[in-house]
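Geometric and topological summary
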Amino acid sequence: VQLQASGGGLVRAGGSLRLSCAASGRTFSDYVMGWFRQAPGKEREFVGSISGSGGIIDYTDSVKGRFTISRDNAKNTVYLQMNSLKPEDTAIYYCAADRSVTLLQRGVPDYWGQGTLVTVSS
């Protein structure tokens, strides 16, 4: 599976961005998709995941109520809508894919995208 993330940029605190991750190479709906982020000087952390059908979605506590993950299996694309952004959301955001939600959420998915930078100014 090849993953291509896009949509990052510079936004003021309180603003919104939508990230996209386009997948190719395998049957998209077979894969759990996830988003991770890595802030400067910190380890990469799990942000959220969505099951192949889109019916099961999980988020890390710090983004609940602000971020929304969705997917369009017809377009082989997963999205991360980020609202009410905070300076602490500044990071490189990565999409990931795995057949196992457990492996993905543990941070060891089979596939990673290249990352897209989100910068939130105060």
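Above this text is the structure in question.
Residues numbered from 1 in each chain as written. Predicted model: local features only at pLDDT ≥ 70, side-chain atom pairs only at ≥ 80, totals over all residues. Heavy atoms only, no water.

1. Quick notes on the nonpolar core
- M33, W35, L80, M82 and Y93 are the most contacted members of the largest nonpolar core, which has 28 residues in total.
- Elements represented by at least two residues in this core include exactly β1 (2-6), β3 (17-24), β4 (32-38), β5 (45-50), β7 (67-72), β8 (77-82), β9 (91-98) and β11 (116-121).
- With near-sequence residues (within four places) excluded, L80 lies in contact with L17, R18, L19, W35, V47, F67, T68, I69 and Y93.
- Listed in part, the five residues of the second largest apolar core include V32, F46, A96 and L104. (Core = buried A, V, L, I, M, F, W, Y, C linked by side-chain atoms within 4.5 Å. Buried < 20%, exposed > 50% of the residue type's maximum accessible area, 1.4 Å probe, protein only. Helix = DSSP H or I, 4+ residues; strand = E, 2+ residues; numbered from the N terminus. Contact = heavy atoms within 4.5 Å.)

2. Some points on the pairing of β1
- What you see with β1 is a clean split: L3 and A5 sit on the buried side and Q2, Q4 and S6 on the side with no burial.
- The pairing of β1 with β3 spans five bridges and is classified as antiparallel. Bridge assignment links Q4 to a residue of β3, and that residue is A22. (Pairing = 2+ DSSP bridges.)

3. So, the sheet that holds β3
- With antiparallel pairing, the four strands of this open sheet are ordered in space as β1-β3-β8-β7. This sheet does not close on itself; its edge strands, each paired only once, are β1 and β7. Mean inter-strand twist for the sheet, computed between neighbouring axes without regard to direction, equals 15°.
- Direction of pairing for β7 relative to β8: antiparallel, over a ladder of six bridges. Along β8, the bridge assignment pairs T68 with Q81. (Axes fitted to C-alpha atoms, helices over the stretch in contact; angles between N-to-C directions.)

4. Re unusual backbone geometry
- We note that N76 has phi near 55°; this positive angle belongs to a residue other than glycine.
- Along the chain, N76 falls in the loop between β7 and β8.
- We classify N76 as partly exposed; its relative accessible area is 25%.
- In the Ramachandran plot, S84 falls in the positive-phi region, its phi being about 50° despite a non-glycine side chain.

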